[in-house]
Amino acid sequence: MADQLPDQRKRTSLSSDRTALVEKIRYEKSWLHRHCSSVAMRDKQAQKSRQLFSGLLGMNVVFLGSALISSMIFNKVAITKFDVKIFLSLLMVLCSCWLLYYMLGTSRKPHAVLYRDAHAGAFWLRGSLVLFGTCSLMLAVFNIGFEVNRLGCKSTIDIIFPCLEIVFISLQTALLWFYCKDCVQVQHTLTRYGLMLTLATDLLLWTLAVVNDSIHEEMAYFSKSSNDQAPLEAENSSSCNCTGRYYCRVFYQGYLNLYPFNLEYNLIGCSMLYIMWKNVGRRVAHHSTHILPPFRLQGVLFGPLLGTIVLMTGACVFILYQIHATSSTLTQREFVLYYGYHIVLLPVMTMCSLAGTIIHSLEERQLDPHKNPTRSLDTILLLGSALGQFAISYYSIVATLATNTRDLKNSLNLTNSVILIVQHIGQNIFIIEGLRKQPPGAGTIHHQLHRRSSAPGPAFINQEDIPPITRQGFAEEKVKEEANIGEEVAPGGVKPRRASISSLRRASQIYLQAYSNLNWKRRAVKEIALFLILSNIILWIMPAFGLHPQFENGLEKKFYGERTWFAILNFGLPLAVFYRMHSVGGLLEVYLTA
């Protein structure tokens with residue numbers, strides 16, 4: 001009995017020591033968890049603070065530049081175009097220096113770009129950026145040629161400004177082409193401020209282009225209404241004549257015709273810079289990204305056929321309208337031709353969007369739960385740019401209802417305005433619903449294959465969930481697995497992998513191809529998306545290249561007054577043009593994911 005007491009005391013002391021050790025470990029773990037959580041929270045708060053201050057910088061630069069540009073319009077004596085160009089030239093010099101520093105310095109630092117956002121910088125977006133950037137460079141060249149011929153009476157800033165624009169556009173295009181997917185992990189503050197300053201500069205250049213474009217449109221309209229004088233004659237006053245009249249006319253016409261591309265370039269650059277700004281310091285989960293399949297026309301017939309007919313018909317309407325608009329006075333026949341084309345096309349587009357939305361609701365694809373700044377920005381841009389056409393349509397509806405609705409031209413204008421509003425709403429719903437959906441099989445087979453490759457033992461997939469065509473592919477993979485299971489253990493005691501990554505990838509591709517080929521809903525969405533893509537292209541070409549019946553019909557101008565109606569159009573038309581171009585990009589992504 002006496003011998004058992006020391007053993008009992010020893011066990012009691014060991015258990016108490018073990019309990020104390022466990023409590024100490026728990027305390028250290030809880031302290032470490034609280035410390036790491038507080039550090040992570042402080043980093044997150046610091047990141048939000050940097051985003052806030054950089055956003056405030058961009059907002060103040062935009063407000064200051066907008067105040068200068070608007071003051072130039074309202075008071076040309078106190079604030080001249082020289083002052084505005086000096087301010088924008090300084091911004092472009094600062095942005096060009098930062099663009100060079102990012103490409104040659106920040107991006108080359110160790111561990112600078114550990115993550116890349118697969119959703120950012122889609123190929124169609126970068127391709128359109130290069131196309132519109134090239135046209136913007138040509139615009140700057142035409143501008144330089146036009147100003148050089150009037151060098152005796154123009155300031156040197158009128159030549160320096162387009163030269164700086166060439167440098168700025170070239171550097172920005174190179175940055176967005178090669179580095180738009182970067183999630184920068186170093187120099188967060190400098191990168192955020194540089195991106196936001198460049199974005200603000202793009203917005204101000206877009207605002208100046210809109211003002212210049214509106215001035216030229218207004219000047220062309222008034223010169224046409226007064227003895228049919230050319231806009232060039234209004235530009236050439238007695239105190240500032242062009243030395244080479246033929247070359248001046250060529251430069252001037254090219255200068256005017258390339259303005260729409262410059263407008264689109266600035267807006268595309270703003271959207272891509274915003275995504276880069278959101279991705280600074282972001283850590284992307286690699287399993288949450290998916291790569292879009294290549295663009296192919298396999299399995300679609302009616303969409304491209306009907307879209308091609310719409311595109312060719314619209315081109316004929318555009319050419320006929322422009323011939324009469326430039327050579328003679330527009331008659332009621334040209335307005336009937338224009339409005340009739342839109343009244344026939346827009347309801348068909350609305351019905352297709354409604355059918356596509358219903359098919360989206362019938363699909364079994366899950367919503368993409370991952371955080372995606374690109375998708376959020378696409379939704380905001382679709383809804384925001386649609387406000388331009390909404391403003392023009394509602395003002396036209398009010399003016400028509402308040403005057404004479406029995407006139408044929410007025411009734412066509414009223415019908416076109418109402419249908420445009422409905423078509424924008426339906427198309428926005430279809431695109432947004434399509435962008436929110438995951439690609440086929442992204443939420444089912446990819447998850448199962450991920451579990452299969454990461455599990456320590458053999459994983460099984462329910463054969464009822466797999467289409468019959470793809471069961472053969474998985475059967476072959478199963479045979480390979482059984483052959484690998486039967487292999488001997490390596491001398492080091494490590495078993496060979498049961499399925500390689502390449503075999504899993506091949507099985508996933510077989511499944512996705514068969515799934516999209518067999519499902520009629522996917523095919524219907526592809527047909528609808530391709531038809532809407534071609535329709536939006538022709539609806540972008542018409543206003544972008546000078547077809548503006550809102551200037552010539554005279555109804556709204558007489559009702560609101562010339563200055564007020566021009567101000568409404570100057571706000572709405574650039575946004576309406578951008579909406580059509582951005583819709584093409586969204587519909588293309590819907591087509592690819594279907």
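Cut-offs and rules
- Residues numbered from 1 in each chain as written.
- Predicted model: local features only at pLDDT ≥ 70, side-chain atom pairs only at ≥ 80, totals over all residues.
- Heavy atoms only, no water.
- Helix = DSSP H or I, 4+ residues; strand = E, 2+ residues; numbered from the N terminus.
- Buried < 20%, exposed > 50% of the residue type's maximum accessible area, 1.4 Å probe, protein only.
- Contact = heavy atoms within 4.5 Å.
- Areas by Shrake-Rupley, 256 points an atom, 1.4 Å probe, with all protein chains shown as cover.
- Phe/Tyr/Trp six-rings, centres within 6.5 Å; stacked < 30°, edge-to-face > 60°.
- Lys NZ or Arg CZ within 6 Å of the ring centre and 35° of its normal.
- Axes fitted to C-alpha atoms, helices over the stretch in contact; angles between N-to-C directions.
- Parallel < 35°, antiparallel > 145°, perpendicular 65-115°, else oblique.
- Left-handed = near helix turned anticlockwise from the far one by under 90°.
- Nonpolar A, V, L, I, M, F, W, Y, C, P; charged D, E, K, R; others polar.
- Salt bridge = Lys/Arg side-chain N within 4 Å of Asp/Glu carboxyl O.
- Core = buried A, V, L, I, M, F, W, Y, C linked by side-chain atoms within 4.5 Å.
- Expected span 1.5 Å × (residues − 1).
- Bend = angle between axes of the 7 residues up to and from the residue.
- pLDDT = per-residue confidence, 0-100.
- Lys, Arg positive; Asp, Glu negative; His and termini not counted.
- Polar contact = N/O pair within 3.5 Å; in protein donor to acceptor, adjacent residues only side chain to side chain.

A few words on the overall build of the protein. The secondary structure content of the protein amounts to 19 helices and two strands. The 594 residues of the protein split such that 47% are buried. Across the protein, every contact between residues at least 6 apart in sequence was considered, and the portion connecting residues at least 24 apart equals 86%. Split by element, the accessible area of the protein, about 30800 Å² in all, is 64% carbon and sulfur.

In the structure shown here, the tally under the stated rule is 17 aromatic pairs. Seen from their ring centres, Phe178 and Tyr179 are 6.5 Å apart, and the 65° between their planes marks the pair as edge-to-face. Here Phe178 falls in the exposed class, since its relative accessible area comes to 55%. Look at Tyr560 and Trp565: their rings are 6.0 Å apart centre to centre, the planes differ by 10°, and that puts the pair in the stacked class. An aromatic cluster of at least three residues, connected via ring pairs, comprises Trp98, Tyr102, Phe178 and Tyr179. In this structure, Lys409 packs its charged tip against the face of Phe335, placed 4.8 Å from the ring centre. Cation over ring: Lys526 sits above Tyr591, and NZ or CZ is 4.2 Å from the ring centre.

Structurally, Arg522 can be placed in helix H16 (residues 520-544). Note: C-alpha distance between Arg522 and Gly356 (166 residues apart in sequence) is 10.0 Å.

Further remarks concern the side chain of Ser417. Assignment of secondary structure puts Ser417 in helix H12 (residues 408-436). Beyond its immediate stretch of four places on either side in the chain, Ser417 contacts Ser393, Ser396 and Ile397.

Positive phi values are uncommon outside glycine, yet His111 reaches one of about 60°. Residue position: His111 is located in the loop between helix H2 (81-104) and strand E1 (113-116). Take His111: its relative accessible area is 60%, and that puts it in the exposed class.

One way to put it is that H16 packs onto helix H19 (residues 562-593) with a least axis distance of 8 Å and a crossing angle of 160°. One finds that H16 runs roughly antiparallel with respect to H19. H19 is crossed by H16, and the crossing has left-handed handedness. On H19, the residues that touch Val525, Lys526, Ala529, Leu530, Leu532, Ile533, Asn536, Ile537, Leu539, Trp540, Pro543 and Ala544 of H16 are Val577, Arg580, Met581, Ser583, Val584, Leu587, Leu588, Val590, Tyr591 and Leu592. Across the contact of H16 with H19, the residue classes tally to 18 nonpolar, two polar and two charged.

Scanning the entire structure with this criterion turns up five salt bridges. Between Asp117 and Arg282 there is a salt bridge, and its shortest N-O distance comes to 3.2 Å. On the criterion of sequence distance, the pair formed by Asp117 in the loop between E1 and helix H3 (123-148) and Arg282 in the loop between helix H8 (259-278) and helix H9 (302-327) is long-range, its members being 165 residues apart. Residue classification places Asp117 among the buried positions, given a relative accessible area of 0%. The exposure class assigned to Arg282 is buried, which follows from its relative accessible area of 16%. Ionic pairing is found between Lys557 and Glu562, a salt bridge with its closest N-O pair at 3.9 Å.

By size, the foremost hydrophobic cluster in this structure holds 66 residues, and its most contacted members are Leu88 and Leu175. Not counting residues within four places of it along the chain, the set of residues in contact with Leu175 comprises Trp98, Leu99, Tyr102, Met103, Cys180 and Leu273. Counting residues in hydrophobic clusters, the runner-up holds 48 residues, among them Cys352, Leu412, Leu532 and Leu587.

A few words on helix H11 (residues 373-402). Every α-helix winds through 3.6 residues per turn, so residues three or four apart in the chain are directed the same way. The end-to-end C-alpha distance of H11, which contains 30 residues, comes to 44 Å, matching closely the 44 Å that a straight helix rising 1.5 Å per residue would cover. At Gly388, H11 shows its largest kink, close to 25°.

The predicted model of the protein averages 77 in pLDDT, with 69% of residues at 70 or higher. For residues 443-499, every residue scores under 50 in pLDDT, and the model assigns this stretch 57 contacts once sequence neighbours within four places are set aside.

What follows covers the environment of Val590. With respect to the secondary-structure elements, Val590 resides in helix H19. Residues Val590 and Arg436 lie 154 residues apart in sequence; the distance between their C-alpha atoms is 9.4 Å. Apart from the residues within four sequence positions on either side, Val590 is in contact with His360, Phe430, Ile431, Gly434, Leu435 and Val525.

Here we come to the side chain of Lys181. As for its position among the elements, Lys181 is in the loop between helix H4 (157-179) and strand E2 (182-184). Despite being buried, Lys181 has no salt bridge partner; Asp117 is the closest side chain of opposite charge, sitting 7.1 Å away. A distance of 2.6 Å separates a polar side-chain atom of Lys181 from the backbone oxygen of Ala120. The residues touching Lys181, leaving out its near neighbours within four places in the chain, are Tyr115, Arg116, Asp117, Ala118, Ala120 and Gly121.

Another point: the environment of Pro574. Within the secondary structure, Pro574 sits in helix H19. As for Pro574 and Pro543, which are separated by 31 residues in sequence, their C-alpha atoms are 8.9 Å apart. Sequence-distant contacts of Pro574, that is, excluding residues within four places in its chain, are made with Trp206, Val210 and Leu569.

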